[in-house]
Amino acid sequence: MRRFGLFALVLLLWGGAAARDGFEDWVAATVLPPVLAETSVEVRDRDGRLLRGYTVEDGRWRFSVTLDQIDPKLVAMLIAYEDKRFWRHPGVDVRAVARAVWQALSHGRVVSGGSTLTMQVARLLEDSGTGALSGKLRQARLALALERRLTKREILTLYFTHAPYGGNLEGVRAATLGYFGKEPRRLTPAEAALLVALPQSPEGRRPDKRPARALAARDRVLARMRRFAVIDAETAAAARREPVPAARRDFPVLAAHLADRAREAAPFAPVHELTVDRAVQARLEGLAARAVQGKGDHLSIALVVADHATGEVLASVGSAGLGAAETRDGFVDMTRALRSPGSTLKPLVYALAFDRGLAHPQTLIDDSPVRFGPYVPQNFDGRFRGEVTVARALQMSLNIPVVRITEALGPAHLMAALRRSGAEPALQGGQPGLAIALGGLGLTLEDLVQLYAALARGGAARPLHWRQGAAAAPGADVTGAVAAWQVGQILSEIAPPPGAPRDWLAYKTGTSYGHRDAWALGYDGRHVAGVWLGRPDGTPVPGAFGGEIAAPVLFEAFQLLKPAPADLPPPPAATLLVRNADLPQPLRRFRARDGQYRSGASRLELAYPPDGAVLGGAEVTIKLRHGTPPFTLLVDGAPRVTATRDRVLPVMLPSAGFSRLSVIDGAGASVAATVRRP
């Protein structure tokens, strides 16, 4: 008998072990559904805040989330309410199942459920029902398998990613953004309790559709949390006084055009991190909408703001808003559209003239009728001022003086400088003509902001960038530091628009031919911005002047950017700050230096050093051939030798790097070379 009992015990143990092993094999053989679900593509600002999201393929909002991004009180409430032994059970809570069965038998109906959070995750992953016994068994098996392959934190993360919260909101981040307008990192007890209650009946308790049911369900959660000591009585009472949200909030759609560009550039990236500042972007989008309000249909606007020290784009507004798609072509990104820049290139023309020794801000230049072959430029108002200083010609935006200087520079040099700034000018036809100085080519707003950023940086180009981590190294110099400072000083003395603060910006406006484009670009010691207004289809906007409609927007944009401007830099040490009467003779009056001299005179030549030479030290000897003395030598736009008749001119270069050497003779002819000192 004892032998039989021992045999039975062994058989029982063996059977139990076999059953256990069979059960383990059964669980191990479970085919798991995909746990990596598609989540909404996110475009975030420089601080990780959501700028724009995109629904997943089935039109749902489902954002990725981690437990670290969720308020701990929501996690605590969920576990206390749904699955108190979550951290201890293996996926199925036998005690809870037994209790549910006993209550159902005792009451003749289902009183409580036995599903664990892991079983709920299993149901969400397979999108299976909750009522059928076969479905419950499948969920139990899948829950056991999930617990063997995932950590508890990973299972909770799956819950907070897939839980339904009503409508097309799936996951806790979609819910908090949709109902509360914020991320789930910090929640009130009332908000957390509502989020615990909603997944049990997401449509029946939607606060925007059925607020009374949502309120009652939330309060039941709060009562249980009070009973379980998750929150105290005072907190529960205060939470019950908090209303449930009456409507769903719109998901942010900020920097919409830039967000689309980011997606197009990296279509498989789940997250795009931009350099944009969300708060600045929102304020400037509001400014853009106000700026076109009441100004007729089809008028659009674009703004770009950047930190010219780093090249980071802080805000990019491509239109008055996607909501204005029909009336104002709001879907068109006008920051990238090729348009005529009007007078906005004049600062660059003058900076190049200063850099090459052709002019100084106090040089007198003739504003009178002139013809260049078939081309007869006119001032915008049709008037002539006679002799004015170059500084005044730029401040008044006179056309004839800038065309005279462009003719002396050569239009190809202006095009080359634009390309050095990072711009990509579009030119119809063949060779560039003099009209490019007045806007006879195509540039984008981004091109122009990049150009003005180079002027603000002392002439050094640095490509703008809007994707974090995509900063490019500074490029070639567009102009020398002295010339860039001189232009900035001139622009800073232009009177601001009526009502705008003085001494804020170095800025320039422009209006293209036929009033098709109104521009304003400006910078202070740290930031640069550009504004464009016009019609995307290129039709004229009667009466639209850059100074009248774009400049006020530019100044307001800077005021929305920061409370006070950053000071412009002081003049470089080599800057020549004198009156016209104290300038070297060749710089007192501008004369075209195009190689046409008095009969019998030979053209001035720079025999040494050649353009592009790399020198061995700081001292260089300039050697001249031909030309008419006296000669004036400038280094980076600053006179070093004046009124000399010598043709051999020793000079010390200021520092390592590139230097621009310019020589002007007594007849006004000039030659120049760029050299580099290691």
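Definitions and cut-offs
Residues numbered from 1 in each chain as written. Predicted model: local features only at pLDDT ≥ 70, side-chain atom pairs only at ≥ 80, totals over all residues. Heavy atoms only, no water. pLDDT = per-residue confidence, 0-100. Contact = heavy atoms within 4.5 Å. Patch = residues over 30% accessible without salt bridge, like charges linked within 9 Å, V, L, I, M, F, W, Y side chains within 5 Å. Areas by Shrake-Rupley, 256 points an atom, 1.4 Å probe, with all protein chains shown as cover. Salt bridge = Lys/Arg side-chain N within 4 Å of Asp/Glu carboxyl O. Helix = DSSP H or I, 4+ residues; strand = E, 2+ residues; numbered from the N terminus. Buried < 20%, exposed > 50% of the residue type's maximum accessible area, 1.4 Å probe, protein only. Pairing = 2+ DSSP bridges. Axes fitted to C-alpha atoms, helices over the stretch in contact; angles between N-to-C directions. Phe/Tyr/Trp six-rings, centres within 6.5 Å; stacked < 30°, edge-to-face > 60°. Lys NZ or Arg CZ within 6 Å of the ring centre and 35° of its normal.

K.L.:
Go over the confidence of the model for the protein, please, and point to the residues and values.
P.N.:
Averaged over every residue, the pLDDT of the protein is 89; the share at 70 or more is 89%. Low pLDDT, under 50, characterises residues 107-112; the stretch is placed with eight contacts to residues that sit more than four places away or in other chains. Confidence drops under pLDDT 50 across residues 594-601; counting only partners more than four residues distant or on other chains, this segment forms nine contacts.

K.L.:
Outline a nonpolar patch on the surface, supporting the account with residue identities and numerical values.
P.N.:
A contiguous nonpolar surface patch, about 280 Å² in accessible area, is contributed by Val-253, Leu-322 and Phe-331. With respect to the element layout, Leu-322 can be found in the loop between strand 7 (312-317) and helix 13 (325-328).

K.L.:
Explain the side chain of Asp-307 to me, and be specific about the residues and the numbers.
P.N.:
Here Asp-307 is to be found in strand 6 (residues 300-307). For Asp-307, a relative accessible area of 6% corresponds to the buried category. Apart from the residues within four sequence positions on either side, Asp-307 is in contact with Glu-312, Leu-314, Arg-526 and His-527.

K.L.:
Explain the sheet that holds strand 16 (residues 638-644) to me, and be specific about the residues and the numbers.
P.N.:
An order of 16-15-18-19 is seen for the four strands of this open sheet, with the pairing classed as antiparallel. Of all strands in the sheet, those bounded by a partner on one side alone are strand 16 and strand 19 (670-677). Each adjacent strand pair in this sheet contributes to an overall mean axis angle of 15 degrees, direction not counted. Sheet topology places strand 15 (residues 631-635) next to strand 16; four bridges connect them, and they run antiparallel. Bridge pairing links Leu-633 to Val-641 in strand 16.

K.L.:
Before we move on, can you summarise the packing of aromatic side chains with the specific residues and values?
P.N.:
Here the structure, examined in full by the defined rule, presents seven aromatic pairs. Note on Phe-63 and Phe-251: the rings are 5.8 Å apart at their centroids and 35 degrees apart in plane angle, and the pair reads as tilted. Within this pair, whereas Phe-63 is found in the loop between strand 3 (61-62) and helix 2 (72-82), its partner Phe-251 is found in the loop between helix 10 (233-240) and helix 11 (256-265), the two being separated by 188 residues in sequence. For the residue pair Phe-63 and Phe-251, the accessibility class agrees, reading buried in each case. Cluster of aromatic residues (ring-pair linked, three or more members): Trp-61, Phe-63 and Phe-251. The ring centre of Phe-86 lies 4.5 Å from the NZ or CZ of Lys-152, which sits over that ring. Above the face of the Tyr-54 ring, Arg-263 is positioned so that its terminal group lies 4.2 Å from the ring centre.

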